[in-house]
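A look at the structure
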Amino acid sequence: MQNWGDGGPSADDLEKKIIDIGRKLKKEFRPNKMLFAILGALLVVFGVYSSFYKVDTEETGVILRFGKHVGYSDPGLHFKIPFGVDQVYLVKTGRVFKEEFGFRTVTAGERSSFTKRGLEEESLTLTGDLNVSDVEWIVQFQVIDPYKYVFRMKNPVETIRDISEAMVRKVVGNSNVTDVLTTDRALLAARIQEDVQDILNEYDIGVRVVTVKFQDVTPPDPVKKAFNEVNEAEQQKESMIFQAREQFNREVPRARGEAKKTIEEAEGYAIERINMAMGETNRFRALLSEYRKAPEVTKQRIFLETMEEVLPRLEEIYVMDESGSRLLPLLPMRSERRGGDQ
């Protein structure tokens with residue numbers, strides 16, 4: 001340590017010291033050509049390496065040059081200006097993303113497992129008739145404009161989740177609990193999908209909603225048993241309606257066929273009777289015409305024709321004598337003839 005009190009070194013000594021220190025520093029920090037060469041080579045390698053990038057099959061590259069959007073890149077290997085001049089953001093436009101509400105998938109596969117732990121506030125929804133339902137649903141969406149998806153909104157996924165949850169609570173809140181739990185689930189899901197897509201179109205973030213689907217809609221645990229009984233009753237009702245329709249479709253055509261058959265038989269009988277009546281009428285008219293020409297002959301002919309038709313039907317025949325009081329039995333010629341024929 002130098003002594004800087006009275007009788008110390010002069011100004012010349014101080015100047016010499018400073019010069020010596022400067023020379024030592026200059027010698028120690030002399031530029032190293034090898035170091036510069038290594039740094040230059042590394043810089044070149046880094047520039048070449050950063051000039052190429054790869055876009056996967058399901059991706060689309062968004063290219064920015066000095067922060068300005070200049071285009072897109074398709075799947076494959078591409079060149080870009082290095083050192084941060086060109087920046088590429090890879091967006092999975094060929095994949096359908098899925099957001100889950102009220103549950104989370106723990107393991108996906110042939111036997112997927114799910115959990116609802118800590119998600120009760122997300123799934124419990126108030127219906128229009130002031131009942132509480134436990135709603136689990138999914139929203140699937142696809143990126144159709146990667147630039148808007150990346151730069152129009154800071155966190156598009158959270159925005160989609162917030163919009164979906166709001167629309168579900170709105171639609172379910174305007175419906176009664178029976179519709180939500182039983183028949184109108186698909187209709188409500190379609191309405192929610194339409195509303196979510198309309199809002200996303202207003203935000204213009206380049207997203208298309210593929211589907212909104214209720215995974216499971218159940219009543220809360222304290223009233224689940226009662227609602228299950230209601231569901232069973234509804235199913236029995238639908239089953240009985242189906243059976244009734246099936247029996248209706250079976251019995252009504254058969255009854256219609258029998259009715260048509262009866263009507264056709266009646267019409268045929270009516271035609272037959274009409275034809276017979278017309279024939280009898282024509283016969284009576286012809287007979288009347290003959291009777292007018294020869295009454296006695298016609299009367300005798302009618303009598304004989306009638307006897308010829310009636311007598312063969314009788315088993316026994318008795319001939320009465322007009323002047324006598326006894327019956328004169330006719331010889332049983334018919335029986336003998338049958339015996340002779342035998």
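First, a word on what this report is: a plain description of the structure on this page.

Calculation rules
- Residues numbered from 1 in each chain as written.
- Predicted model: local features only at pLDDT ≥ 70, side-chain atom pairs only at ≥ 80, totals over all residues.
- Heavy atoms only, no water.
- Pairing = 2+ DSSP bridges.
- Helix = DSSP H or I, 4+ residues; strand = E, 2+ residues; numbered from the N terminus.
- Axes fitted to C-alpha atoms, helices over the stretch in contact; angles between N-to-C directions.
- Salt bridge = Lys/Arg side-chain N within 4 Å of Asp/Glu carboxyl O.
- Buried < 20%, exposed > 50% of the residue type's maximum accessible area, 1.4 Å probe, protein only.
- Parallel < 35°, antiparallel > 145°, perpendicular 65-115°, else oblique.
- Left-handed = near helix turned anticlockwise from the far one by under 90°.
- Contact = heavy atoms within 4.5 Å.
- Nonpolar A, V, L, I, M, F, W, Y, C, P; charged D, E, K, R; others polar.

1. Considering the sheet that holds strand β3 (residues 68-73)
- Spatial strand order, β3-β2-β5: three strands in an open sheet with antiparallel pairing. Of all strands in the sheet, those with a lone pairing partner are β3 and β5 (86-91), marking the two edges. Taken over all neighbouring pairs, the strand axes of this sheet differ in orientation by 25° on average, direction set aside.

2. Focus on the pattern of salt bridges
- In total, this model carries 16 salt bridges according to the counting rule given.
- The salt bridge partner of lysine 98 is glutamate 100, with a shortest N-O separation of 3.5 Å.
- Exposure remark for lysine 98: the relative accessible area of 44% places this residue in the partly exposed category.
- For glutamate 100, a relative accessible area of 11% puts it in the buried group.
- Note that glutamate 122 and arginine 161 form a salt bridge whose closest N and O atoms lie 3.1 Å from each other. Taken together, the residues glutamate 122 in helix α3 (residues 120-123) and arginine 161 in helix α5 (residues 156-173) connect sequence positions 39 residues apart.
- For glutamate 122, a relative accessible area of 14% translates into the label buried.
- Shared partners join several salt bridges into a network, and the residues in it are Glu99, Arg104, Glu122 and Arg161.

3. Some thoughts on the packing of α5 against helix α7 (residues 185-203)
- Two elements in contact, α5 and α7, have axes separated by 9 Å at closest approach and are oriented at 135°. As far as their axial angle goes, α7 and α5 are oblique. Two packed elements cross with a definite hand, and for α5 against α7 that hand is right-handed. Packed against α5, whose contacting residues are Thr159, Ile160, Ile163, Ser164, Met167, Val168 and Val171, the element α7 presents Leu188, Arg191, Ile192, Asp195, Val196, Ile199, Leu200 and Tyr203 at the interface.
- Looking at the contact of α5 with α7 residue by residue, the class counts come to 11 nonpolar, two polar and two charged.

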